[in-house]
Amino acid sequence: MSEQIMLDNGPRTAGGKLRKSERRRQILLELKLRPHVRISALSERFNVSPETLRRDLDALAKDRLIDRAHGGASAPSQGHYPSLDERKSARVEERARIARIAAASVQEGETLMIDSGSTTIELAKALAFRGVACTVITNSLPVAMTLGHGVANVMLCPGEYQSAEGAVIGTETLEFLRNFRVDRCMIGASGVSEEGISETVRGFAAVKREMLRRARVRAVLIDSEKFAIAGLARAGAMQDLSTLFTDARPKGTLLAALEAAQVEICVAGPAG
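Keep in mind that this is a model prediction, so the values were computed, not measured.

**Some thoughts on the overall build of the chain**
For the chain, the helix and strand inventory stands at eleven helices and 15 strands. A burial count over the chain gives 52% of its 272 residues as buried. Carbon together with sulfur atoms contributes 50% to the accessible area of the chain, which is approximately 12700 Å² in total.

**Some remarks on the nonpolar core**
Val192, Ile197, Val220, Met238 and Leu244 are the most contacted members of the largest nonpolar core, which totals 36 residues. Taken together, the elements giving at least two residues each to this core come down to strand 8 (167-169), helix 9 (171-177), strand 9 (182-187), helix 10 (204-214), strand 12 (215-221) and helix 11 (252-260). Leaving out residues up to four positions away in the same chain, Val220 has contacts with Ile187, Gly188, Ala189, Ile197, Leu241, Thr243, Leu244 and Phe245. Counting residues in hydrophobic clusters, the runner-up holds 23 residues, among them Ile98, Ala103, Ile121 and Leu147.

**Details of helix 2 (residues 20-33)**
Residues spaced three or four apart along an α-helix face the same direction, because each turn holds 3.6 residues. Between its terminal C-alpha atoms helix 2 stretches 20 Å, which fits the 20 Å expected from 14 residues at 1.5 Å a residue. Looking at helix 2, one finds that the buried residues are Ser21, Glu22, Arg23, Arg24, Gln26, Ile27, Leu28, Glu30 and Leu31.

**Considerations on the sheet that holds strand 6 (residues 153-156)**
Consider a sheet: its strands pair through backbone hydrogen bonds, and that pairing is either parallel or antiparallel. Ordered by their spatial adjacency, seven strands build an open sheet running 6-5-4-9-12-14-15, and the pairing between neighbours is parallel. With partners counted over all chains shown, the strands left at the sheet margins are strand 6 and strand 15 (264-267), one partner each. Sheet twist, expressed as the average angle between the axes of neighbouring strands with direction ignored, equals 20 degrees. Where strand 5 (residues 135-138) meets strand 6, four bridges bridge the pair, whose relative direction is parallel. Across the sheet, Thr135 pairs through a bridge with Asn153, a residue of strand 6. Packing of helix 8 (residues 141-148) onto the sheet brings it into contact with strand 4 (111-114), strand 5 and strand 6, and relative to strand 6 it is tilted by some 160 degrees.

**Let's talk about the confidence of the model for the chain**
Reading predicted coordinates in detail is not appropriate for stretches of low pLDDT. Across the chain, the average pLDDT comes to 86, with 86% of residues at or above 70. Below a pLDDT of 50 lies the segment residues 1-9, which in the model reaches twelve contacts outside its immediate sequence neighbourhood of four places, other chains included.

**Details of the sheet that holds strand 3 (residues 72-74)**
Read from one edge to the other, the open sheet built from three strands follows the order 1-3-2, with strand pairing classed as antiparallel. Where the open sheet ends on each side, the last strands, each with one partner, are strand 1 (36-38) and strand 2 (67-69). When strand polarity is set aside, the average angle formed by the axes of neighbouring strands in this sheet is 25 degrees. Taken together, the three bridges between strand 1 and strand 3 define a ladder with antiparallel strand orientation. Residue His36 lies in a different strand from strand 3, and its bridge partner there is Ser74. Along the sheet, helix 3 (residues 39-46) makes contact with strand 1, strand 2 and strand 3, crossing strand 1 at roughly 65 degrees.

**Here we look at the pattern of salt bridges**
Counting across every chain of the model gives 16 salt bridges. Residues Arg45 and Glu30 are paired through a salt bridge, measuring 3.7 Å at the closest nitrogen-oxygen approach. Of the two residues, Arg45 is situated in helix 3 and Glu30 in helix 2; the sequence distance between them amounts to 15 residues. A relative accessible area of 21% means that Arg45 is categorised as partly exposed. The class for Glu30 is buried, based on a relative accessible area of 2%. Residue Asp58 is joined to Arg68 by a salt bridge in which the shortest nitrogen-to-oxygen separation is 2.9 Å. Separated by ten residues along the polypeptide, Asp58 in helix 4 (residues 50-62) and Arg68 in strand 2 bring together distant segments of the chain. One continuous salt-bridge network, built from bridges that share partners, spans Arg23, Arg24 and Asp56.

**Focus on the side chain of Ser193**
Topologically, Ser193 is positioned in strand 10 (residues 191-193). Beyond its immediate sequence surroundings of up to four residues, Ser193 is in contact with Ser21, Ala228, Ile229, Ala230, Met238 and Leu254.

Conventions used here
- Residues numbered from 1 in each chain as written.
- Predicted model: local features only at pLDDT ≥ 70, side-chain atom pairs only at ≥ 80, totals over all residues.
- Heavy atoms only, no water.
- Helix = DSSP H or I, 4+ residues; strand = E, 2+ residues; numbered from the N terminus.
- Buried < 20%, exposed > 50% of the residue type's maximum accessible area, 1.4 Å probe, protein only.
- Areas by Shrake-Rupley, 256 points an atom, 1.4 Å probe, with all protein chains shown as cover.
- Core = buried A, V, L, I, M, F, W, Y, C linked by side-chain atoms within 4.5 Å.
- Contact = heavy atoms within 4.5 Å.
- Expected span 1.5 Å × (residues − 1).
- Pairing = 2+ DSSP bridges.
- Axes fitted to C-alpha atoms, helices over the stretch in contact; angles between N-to-C directions.
- pLDDT = per-residue confidence, 0-100.
- Salt bridge = Lys/Arg side-chain N within 4 Å of Asp/Glu carboxyl O.

If you want it as structure tokens, here you go:
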């Protein structure tokens, strides 16, 4: 009965099938309830081909949200999601390019909220290199330390410290953010799909949502490997975004959703 309820609650295509992002989200939910799912069973439930399910599982495994197993998938082992240090060493050039074009959009004297993450740390480096005199509110210690050595005025949120992410979260963090209105927020995300941006690391989605609420211009910095990925917690709808900074132009339904929501797409090309 619970499985049928899950299937009935998601957005569907004109043909009555669940959309890709919703199908993948429900696979993740299923793996919270049981240790293993099989492609054959998922194919029958979602009324899609086994090849489609293999692509779903391969995409989720690539984003380290599941462990691929013979004939299906398993819930990720404890601590499988990569730490901040691990993420900082992946796709370094792409993240640096994204950060540079995002930093170029910031004007002198502006107020910003910047959240925690590997790409937002690159943003902090780019802002420090430019020497932009701005005020930054952040929950990330690496972001605060990077900008604190320059001309920026930095305000660090209080909260519960998460050592793996080098950042704070929790009720105190959210209450602190609600005291401010800023010109723009610059946040990262675990994934972006036609439904919006999502977060995998527990507790950080709420911080992103609050920063989006408090900013006039709302930007997400995300590399193209995270396209069409829906993490466990939604951090914001497509309509909540003003700008998407990335390293490759989105395609298909994701591009259509961004254009429908009038999100500006800024692509950082390869270094010349």
